[in-house]
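# A look at the structure
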Amino acid sequence: MRICQLELRHFRGVEHGVIVLPEHTVLLGANNAGKSTIVEALALLFGRERMVSPISDWDFFGGDPKPESRFYIIATLTDFPSNDPTAVPDWFIGENAAQPVWWNGESKSLSTEADPPSGTSLAAQVAMAGRFDEEACEFETVRYFYHGESDPFTDGCAPVPWRILRDVGLFLLASNRDWDKLLSFRSSSLLKVIREYDALPGSAIDKLKNQLRTSVTKVEEEAPLSEIVEAATKELQSFLLIGETSKIVYRPTALDAVGVLQSLVAHVAQSSNTLIPVARHGAGMVSLQAFLLLLAFAEHRRQTGLNFVLAAEEPELHLHPSLHQRLVHRIRGASVQSIVTTQSPHVAAGYQPHEVVFLQNMDGQMTATQLRDEPIQSIPTNSIRHLYLARRGAFYEALMGGILFVPEGQYDFEWLSLWQRLVQSAPNVPERFKLMPLTVLPTSDAAVVESFQEVSRFRPDAIPVIDGDGAGDGYLANLSAVTLAPARIIRYGRDAAVECLSAWFLEPALSSPSTSLASLIGASGKSLKGLQDALIREKKNRELRENIVWESLESGECCERACEFFHDLAAIASGDKPLNAGWTSSQSANGTVVHVASHIERAGP
Amino acid sequence: MKQITAVTGQAGTGKTTWLMEKANELAPALLTAEHHSMLAITRMHGSRRRVQTKLRKCCPSIPGVVSTIDGFALSIVNRWRTALGYTRPICAVDGDVDFVNRAFGTNADFARVLRAAIQLLESPTVKRVISESFPLILIDEFQDCWGPLLDFVKALAECSTLLLAADDFQMLNSEVLGCPAIEWVESLTFEGRARIETLDTCHRTSNTAILHAAECIRTNRKSDDKTVSVVSCPNPKMAAWKIVDALLLKFYMKDWYGNCAIIFPSKDNYIRNVMDSCSAYAQKYNRPPLTFHKEISHAQHVQLVLKDIGFEDKRAQCIYTCDTSNPTGHQVIEGVRKQIKLRGLSDVTEEIVVSYAERIVHHHRSYSPKEGKRVIVTVHGAKNREFDNVIVLWPYRVREELKKRLLYNAITRARKHCMVLLQLKEKEAKSDSAISLLGPLEPFKDDSKRKKQGAKVQK
């Protein structure tokens with residue numbers, strides 16, 4: 001059983017949004033696009049309210065609920081054990097039951113006809129609605145079978161019994177997790193989850209309880225405690241009626257099942273036999289162990305034929321990046337369905353393009369687009385396939401980033417990424433430079449037009465960066481002809497390519513070049529042209545590039561030029577005026593504004 | 001093809017009890033899984049209440065759902081409304097309404113809801129889901145089903161095993177010829193799909209007079225002997241005297257203990273005059289007044305409630321100004337106020353007040369008990385009920401086509417005693433198609449029974 005579709009109405013930041021969920025999903029999107037909203041909506045609907053924070057004003061779109069305000073979370077479930085509703089009686093048979101609806105996995109659409117159209121599988125819809133009672137100042141929620149639009153509070157509804165929702169087996173790994181709390185039985189969430197899912201080893205607890213009651217060392221009989229206890233007992237007796245005796249006995253816990261459970265403190269073995277309480281461990285170690293415990297629990301459920309759906313917010317928290325891929329692999333293996341939000345491109349890279357859903361939220365209208373529909377091998381264009389294969393991590397990182405630039409090719413990508421990194425780490429950046437987060441797409445094969453088209457499906461605000469040469473003219477023309485042409489295009493000056501950009505940054509350092517720079521330009525040209533020629537000549541030398549850039553961190557003027565350039569890029573992207581006077585802009589017929597950095601040009605002749 | 005088992009028989013022969021016993025017999029074989037239930041449906045809420053009580057008593061171990069046929073059809077339509085193309089919930093209303101979108105839902109009349117349900121039942125999936133949910137369906141007072149209701153039952157027959165109880169003589173609708181429901185079941189017996197069992201022993205009463213009278217009406221034979229007491233009282237005061245005598249004075253009619261029902265076929269001035277005179281007599285003889293609980297129709301009840309809350313004068317604004325002490329009226333006011341709040345309306349509309357009043361009255365009538373020691377009720381209202389003593393008030397004007405059935409149903413309500421008071425004169429009574437079947441009339445003052453001198457009657 002899995003959730004194939006989720007619809008949100010007037011819930012938190014989403015006025016309306018529908019998202020189709022493949023078996024394993026990773027949600028990408030800017031902050032406040034709705035990633036957490038989706039995950040928490042699922043947890044609210046399929047879990048107890050305590051899994052998520054209690055309902056409040058902010059769960060209603062607009063944050064100001066009126067008596068008639070309602071929020072709705074509607075989920076469509078499919079992949080039942082059978083396509084015959086009579087074989088799944090819990091869901092479809094009875095006085096209050098779900099309407100059998102039909103999910104078409106190919107077209108990703110739902111049919112509400114009475115009989116199944118061909119190629120569809122059985123599905124059911126459950127929903128949760130919430131309202132605010134102004135007078136009582138309380139929130140009321142109800143989970144019901146969804147038979148169509150209605151207001152369950154006024155029109156009546158068929159409520160869903162908790163045991164059915166429990167069968168879905170959704171577990172939420174929230175981003176604000178405190179591992180110690182999560183692992184200790186003192187935490188209501190773990191206790192409840194374990195109890196709800198019948199994983200409580202009842203007989204073991206019982207045995208432990210009895211042991212603690214009877215066979216544990218009688219602490220109170222050892223000195224010096226025995227003396228104190230004796231004195232206290234004497235005092236007590238003087239207050240009691242004659243004939244009654246009371247004895248004080250010490251035991252490790254309040255001798256009932258709850259007490260026993262709560263007294264258990266999770267310890268993790270650090271090395272050999274040293275047991276250290278969880279609270280004292282480093283977050284990473286704890287995260288890992290706790291996460292794997294969760295996954296083991298998931299495996300157990302699956303093996304007993306039960307469902308397990310994992311909704312995880314940033315599962316990579318506290319974990320070393322090298323582990324992220326392995327994490328994804330384990331999540332996918334352990335759960336029937338997983339929905340993950342992440343900030344890590346490594347985690348995202350563990351998913352196929354049709355499993356990556358890009359979320360956007362425009363004034364409450366949330367759209368969810370799969371990156372691609374078809375498997376990678378069916379993507380026709382080589383360069384695009386490359387984005388999804390070899391360069392997947394960088395591609396996703398670019399998608400998730402701030403202002404996105406689409407350069408012409410591999411070298412542009414590498415140079416720009418390096419300079420970006422320099423700018424981020426430069427000390428004493430002058431006040432006037434406002435540095436915004438930028439990312440660069442790992443374009444390959446000079447496929448700037450195709451790459452732009454691909455990425456503009458999710459990031460229509462992407463900005464192509466083109467060389468100032470003849471080929472660049474061609475790209476410019478093609479880009480302008482694209483259906484959704486870019487709003488802005490950035491070009492280097494006359495005949496310039498990215499090497500000229502780097503040369504311009506490095507120009508101030510020419511007088512006293514660093515080691516790598518010196519070895520690059522050699523004896524000849526300490527001129528700009530010489531530098532440009534040298535850079536173009538050595539364009540394939542990756543190591544040289546890296547060294548040069550890092551060394552230029554020493555040079556204040558180089559940093560300044562780099563910072564200024566990136567500031568200008570950000571300014572242009574935001575529609576402001578760039579600082580450097582060398583920028584010119586012109587508007588083409590279809591509205592695209594082309595900004596040319598004329599201060600960066602191929603030195604000639 | 002599913003089996004149909006039906007039971008027919010006259011009034012008081014224990015058809016409902018037979019149904020229960022048959023249900024107990026069939027249930028273990030049909031209701032094998034946890035999700036199987038038995039569905040018990042009837043046309044009217046009155047019968048639904050009675051079936052519910054009987055089920056609780058006789059079939060406590062059978063998991064069951066009790067509903068009206070219309071209610072069940074509506075639940076199917078609402079559950080699959082998106083398949084029909086509607087998203088908002090559907091409400092059933094009176095009149096001729098074809099799925100009209102209203103402020104908070106879609107309205108449709110009962111017949112259309114039934115037809116939509118029949119259309120849904122043609123889908124193999126819906127059929128399977130319903131038959132898996134309710135492998136056994138029990139219908140009491142099946143004779144009341146005709147037209148779209150009968151069609152719906154026919155559709156249900158394709159899904160589940162049906163258990164039916166019917167008596168064609170108790171079908172009181174003059175628009176319908178014969179009894180289509182029973183005719184349908186009979187036609188199926190020829191195909192071997194249905195079995196009908198007929199009960200003939202009347203368990204309700206052992207009073208031979210009543211039994212004889214009932215028999216005569218059914219077989220359309222004039223009785224030579226006297227059956228029940230039939231008295232001609234052209235003057236309402238005469239009828240009133242008879243009633244007062246039976247229930248208060250007991251000069252001529254002793255042992256009229258237990259509860260009593262005054263049953264009449266339809267509203268008529270005669271009835272009103274008789275009841276007014278009753279009060280006058282009671283007063284005259286210094287007795288406490290005879291109180292009869294007047295059972296009114298749904299529409300009348302709604303009007304009463306609306307009047308009580310001041311709807312007639314103030315229309316919708318009465319919600320704010322009303323301060324009735326009547327609990328029903330109070331419920332309506334509170335309910336409407338809550339609705340306004342829940343839906344966030346700025347002002348209340350008449351439609352909401354009326355629809356809410358309808359809802360509250362409906363709920364009252366359906367779900368609260370309404371027996372009283374003395375009731376005055378129409379034949380329709382008395383259906384399938386029984387009383388210790390019955391007084392039938394028979395005015396001049398009664399619908400010709402239904403006379404026999406109305407009279408039959410009125411008389412067969414009685415367990416111990418039955419008395420028929422006519423507005424017709426003796427001669428007219430002898431030529432009346434229904435009354436004449438009851439045998440010779442009883443004189444107004446039966447001297448043989450007279451015990452006391454002194455009660456002077458005014459003619």
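Values in this document were obtained by computation on a predicted structure and should not be read as measured data.

Let us now look at the interface of chain B and chain A. Tallying the contact residues gives 25 residues for chain B and 31 residues for chain A. Its largest share of buried area at the contact with chain A, chain B owes to B:Arg79, B:Lys341 and B:Leu342, together 29% of the area lost on that side. Of the charged contacts in the structure, one is a salt bridge between B:Lys341 and A:Asp133, with a shortest N-O distance of 3.4 Å. Summed over the shared surface of chain B and chain A, the number is 15 residue pairs in polar contact (both at pLDDT 80 or more). Among the elements of the structure, helix H3 (69-79), helix H4 (81-84), helix H6 (124-133) and helix H15 (327-343) of chain B are those that each provide at least two residues to the side of chain B that touches chain A. Examining the composition of the side of chain B that touches chain A, we find that 7 residues originate from one element, H6(B), more than from any other.

For sheets, the rule is that strands pair by backbone hydrogen bonds, running either parallel or antiparallel. Residues and elements named next belong to chain B. Taking strand neighbours across the sheet as the criterion, the 6 strands line up as E10-E15-E14-E11-E13-E12 in an open arrangement whose pairing is parallel. In this open sheet, the two edge strands, each paired with only one partner strand, are strand E10 (229-232) and strand E12 (293-294). Helix-sheet contacts for helix H17 (residues 403-411) involve strand E11 (260-264), strand E14 (387-394) and strand E15 (414-422), and the interaxial angle to E14 is about 150°.

Now for the packing of helix H7 (residues 148-157) of chain B against helix H8 (residues 180-191) of chain B. Residues and elements named next belong to chain B. At a minimum axis distance of 11 Å, the contact between H7 and H8 shows a crossing angle of 30°. Compared by their axis directions, H7 and H8 come out roughly parallel. Where H7 crosses over H8, the handedness of that crossing is right-handed. Where H7 approaches H8, its residues Leu150, Val153, Lys154 and Ala157 are matched on the opposing element by Pro180, Ala181 and Trp184. Along the lines of polarity and charge, the residues of the contact of H7 with H8 split into 6 nonpolar, no polar and 1 charged.

To continue, consider the pairing of strand E18 (residues 463-466) of chain A. All names here are of chain A. Both faces of E18 are covered, namely the face carrying Ile463 and Val465 and the face carrying Pro464 and Ile466. Where strand E16 (residues 403-406) meets E18, 2 bridges bridge the pair, whose relative direction is parallel. Each bridged residue has a counterpart across the sheet, and for Val406 the counterpart in E18 is Pro464. Bridge count for E18 against strand E19 (residues 488-492) is 2 bridges, and the pairing is parallel. Within the sheet, the bridge partner assigned to Ile466 lies in E19 and is Arg491. Each parallel crossover has a hand, and for E18 linked through helix H17 (residues 470-481) to E19 it is right-handed.

Relative to the helices and strands, A:His595 resides in strand E21 (residues 593-597). Non-local contacts of A:His595, meaning those with residues more than four positions away in its chain, are made with A:Arg488, A:Ile489, A:Ile490, A:Arg491, A:Ile572, A:Trp583, A:Thr584 and A:Ser585.

The next subject is the domain arrangement of chain B. By convention, interface size is frequently given as the accessible area that disappears when the constituent parts associate. Domain annotation of chain B identifies domain 1 (4-199), domain 2 (208-295 + 372-447) and domain 3 (298-367). Taking only C-alpha atoms, the centre of domain 2 of chain B and the centre of domain 3 of chain B are 37 Å apart.

All names here are of chain B. Between the first and last C-alpha of helix H11 (residues 269-284) there are 22 Å, a value that for 16 residues agrees with the 22 Å anticipated at 1.5 Å per step. Buried within H11 are the following residues: Tyr270, Ile271, Val274, Met275, Ser277, Cys278, Tyr281 and Ala282. Looking straight down H11, one finds its buried side chains confined to an arc of 160°; they lie on one side. Summarising the geometry of H11, the exposed residues directed more than 90 degrees from the buried face are Arg272 and Gln283. On its buried face, H11 sits against helix H10 (236-249), E11, strand E13 (374-378), E14 and E15. Where H11 begins, the side chain of Asp268 points an oxygen toward the backbone nitrogen of Tyr270, at a separation of 2.9 Å.

Turning our eyes to something else, we now look at the packing of aromatic side chains. Applying the stated criterion across every chain, the model contains 21 aromatic pairs over all chains. Here the aromatic rings of A:Phe60 and A:Phe71 are separated by 5.1 Å at their centres, their planes lie at 70°, and the arrangement is edge-to-face. Taken together, the residues A:Phe60 in the loop between helix H1 (35-46) and strand E4 (70-78) and A:Phe71 in strand E4 connect sequence positions 11 residues apart. Like A:Phe60, the residue A:Phe71 is buried in the burial classification. Taking the centre distance of 4.6 Å and the plane angle of 15° together, the rings of B:Tyr86 and B:Phe99 count as stacked. Placement of B:Tyr86 in the loop between H4 and strand E4 (90-93) and of B:Phe99 in the loop between E4 and strand E5 (100-101) is noted, with a sequence separation of 13 residues between them. Under the relative-accessibility criterion, B:Tyr86 is labelled partly exposed at 23%. The structure contains a cluster of three or more aromatic residues connected by ring pairs, namely A:Trp415, A:Trp419, A:Trp504, A:Phe505, A:Phe565, A:Phe566 and A:Trp583. Just above the ring of A:Tyr72 sits the side chain of A:Arg9; from NZ or CZ to the centre is 6.0 Å. Above the plane of the ring of B:Phe444 lies B:Lys242, whose end atom (NZ or CZ) is 5.3 Å from the centre.

Criteria and cut-off values
- Residues numbered from 1 in each chain as written.
- Chains lettered and ligands numbered in written order.
- Predicted model: local features only at pLDDT ≥ 70, side-chain atom pairs only at ≥ 80, totals over all residues.
- Heavy atoms only, no water.
- Contact = heavy atoms within 4.5 Å.
- Buried area = accessible area lost by both parts, 1.4 Å probe.
- Salt bridge = Lys/Arg side-chain N within 4 Å of Asp/Glu carboxyl O.
- Polar contact = N/O pair within 3.5 Å; in protein donor to acceptor, adjacent residues only side chain to side chain.
- Helix = DSSP H or I, 4+ residues; strand = E, 2+ residues; numbered from the N terminus.
- Pairing = 2+ DSSP bridges.
- Axes fitted to C-alpha atoms, helices over the stretch in contact; angles between N-to-C directions.
- Parallel < 35°, antiparallel > 145°, perpendicular 65-115°, else oblique.
- Left-handed = near helix turned anticlockwise from the far one by under 90°.
- Nonpolar A, V, L, I, M, F, W, Y, C, P; charged D, E, K, R; others polar.
- Buried < 20%, exposed > 50% of the residue type's maximum accessible area, 1.4 Å probe, protein only.
- Right-handed = clockwise from strand over helix to strand, strands pointing away.
- Domains from an automatic or database assignment.
- Expected span 1.5 Å × (residues − 1).
- Arc of directions from axis to C-beta.
- Phe/Tyr/Trp six-rings, centres within 6.5 Å; stacked < 30°, edge-to-face > 60°.
- Lys NZ or Arg CZ within 6 Å of the ring centre and 35° of its normal.

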